[in-house]
Amino acid sequence: MAVSIKSEREIEFMREAGKILAKVHDELGQAIKPGISTWEIDKLGEKLIRSYDCIPNFLNYNGYPASICVSVNEEVVHGIPKKNRILKEGDIVSLDAGLIHKGYHSDAARTYAVGKVSPEVQKLIDETKQSFFEGIKMAKAGNHLFDISNAIDAYISKCGYGIVRDLVGHGIGTSLHEDPQIPNFHQNRRGLLLQPGMTLAVEPMINMGRADVEWLADNWTVVAEDGLPSAHYENTILITDGEPEILTLL
Ligand code: MF3
Ligand code: CO
């Protein structure tokens, strides 16, 4: 397992790629309203990414047919945008987006409430986001990779939610998916030593009910087996000598 350490020059490209993606997410977030189709969200996302002279890295990745993964309610990740899938008040929607800028990838996900949702569902969204921040408190040079995993697990387990185990976070750089894999659940080993210059996509996927997931017949859409809502929050981060730098926030 070779984990790449980015040079200062590469880090600058990763920063730019991250900032652009943060802007794309910001604009997509403002478009989320009852009545919009998941297809329209994808088209807007692709247009925004290309407007920054970037390439949507998900499009055609292993045959994935869109630029933005749009996952509604019990859909965990990798939902395929569709003209006839219209968001309605009370839904939640996870948008996972990524792009390539000057040869460097960024990757980030957000979950939004569509109009007003129940307090229980809003809590799932908020705790999923918070678990990312709990995890990256451990993302420091000198700590080990699974300190991040264990911190996410410890936080989410207190909430009583199910942590998805079939999908994990990952290194990122000149490829969308690089080593290492980053589980969001407890590990007994410590994992690799974190070093400045590592760039990682940390992405808890949290189910309100049980952790088990299954794949729909489209071979992409991952859903919670029990049909309860699921949330996703992801940023690309940089390990430094001090606090991690979150590259995909404004
Ligand atoms: N953000 C996803 C990940 O971290 C990538 C989506 S895979 C795609 O793995 F095929 F849908 F692009
Ligand atoms: Co990712």
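That block above? That's the structure.
Residues numbered from 1 in each chain as written. Chains lettered and ligands numbered in written order. Predicted model: local features only at pLDDT ≥ 70, side-chain atom pairs only at ≥ 80, totals over all residues. Heavy atoms only, no water.

A. Examining the site of ligand 1 more closely. Around ligand 1, the surrounding shell consists of Phe58, Tyr61, Tyr64, Cys69, His78, Asp96, Asp107, His170, His177, Glu203, Trp220 and Glu234. Taking Asp96, its side chain carries an N or O atom lying 2.7 Å from a nitrogen atom of ligand 1. Look at ligand 1: alone it shows 330 Å² of surface, and the protein chains cover 95% of it. Judged by the fraction of its atoms near the pocket grid, ligand 1 is located in the largest pocket. (Near = heavy atom within 4 Å. Polar contact = N/O pair within 3.5 Å; in protein donor to acceptor, adjacent residues only side chain to side chain. Areas by Shrake-Rupley, 256 points an atom, 1.4 Å probe, with all protein chains shown as cover. 1 Å grid on protein atoms, 1.4 Å probe; cavity = no way out; pocket = protein on both sides within 12 Å on 5 of 7 lines; lining within 4 Å. Sits in = over half its atoms within 2 Å of the grid points.)

B. Focus on the side chain of Ser37. Here Ser37 shows up in the loop between helix H1 (8–31) and helix H2 (38–51). The residues touching Ser37, leaving out its near neighbours within four places in the chain, are Lys82, Lys83, Arg85 and Ile86. (Helix = DSSP H or I, 4+ residues; strand = E, 2+ residues; numbered from the N terminus. Contact = heavy atoms within 4.5 Å.)

C. Inspection of the coordination of the cobalt ion (ligand 2) at higher detail. Of the protein atoms, only Asp107 (OD), His170 (NE2), Glu203 (OE) and Glu234 (OE) coordinate the cobalt ion (ligand 2), at distances of 2.1 to 2.2 Å. All donors of the cobalt ion (ligand 2) come from a single chain, and their spacing in sequence reads D-x62-H-x32-E-x30-E. Of this pair, Glu203 sits in the loop between strand E9 (199–202) and strand E10 (205–207) while Glu234 sits in the loop between strand E13 (230–232) and strand E14 (235–238); the two residues are 31 residues apart in sequence, bridging distant segments of the chain. For Glu203, a relative accessible area of 6% gives the class buried. Its relative accessible area of 0% is what places Glu234 among the buried residues. (Donors = N, O, S within 2.8 Å, 3.2 Å for Na, K, Ca; no water. Buried < 20%, exposed > 50% of the residue type's maximum accessible area, 1.4 Å probe, protein only.)

D. Focus on the sheet that holds strand E7 (residues 169–171). Read across the open sheet, the five strands follow the order E8-E7-E9-E14-E15; overall the sheet is antiparallel. The strands lining the two open edges of the sheet, one partner per strand, are strand E8 (178–182) and strand E15 (245–246). As judged from the three bridges shared by E7 and E8, these two strands associate in the antiparallel manner. When the bridges of E8 are listed, Gly171 appears paired with Glu178. (Pairing = 2+ DSSP bridges.)

E. Highlighting the nonpolar core. Counting 28 residues, the largest nonpolar core has Leu145, Ile148, Leu200, Val202 and Ile237 as the members making the most contacts within it. Those elements that provide at least two residues to this core are helix H3 (119–136), helix H4 (145–159) and E9. Tallying contributions element by element places H4 first for this core, with six residues. Non-local contacts of Leu145, meaning those with residues more than four positions away in its chain, are made with Pro180, Gln181, Ile182, Arg190, Gly191, Leu192, Leu194 and Leu200. Judged by nonpolar contacts, the second largest core, of 22 residues, contains Ala17, Leu48, Val72 and Ala108. (Core = buried A, V, L, I, M, F, W, Y, C linked by side-chain atoms within 4.5 Å.)

F. Fine view of the layout of surface pockets. Taken as a whole, the largest pocket spans an internal volume of roughly 320 Å³. Together, 17 residues line the largest pocket, and Tyr61, His78, Leu176, His177 and Trp220 are the ones closest to its centre. Of the residues that constitute the lining of the largest pocket, the class distribution is nine nonpolar, four polar and four charged. (Points joined across faces, edges and corners; volume = space filled by probe spheres on them. Nonpolar A, V, L, I, M, F, W, Y, C, P; charged D, E, K, R; others polar.)

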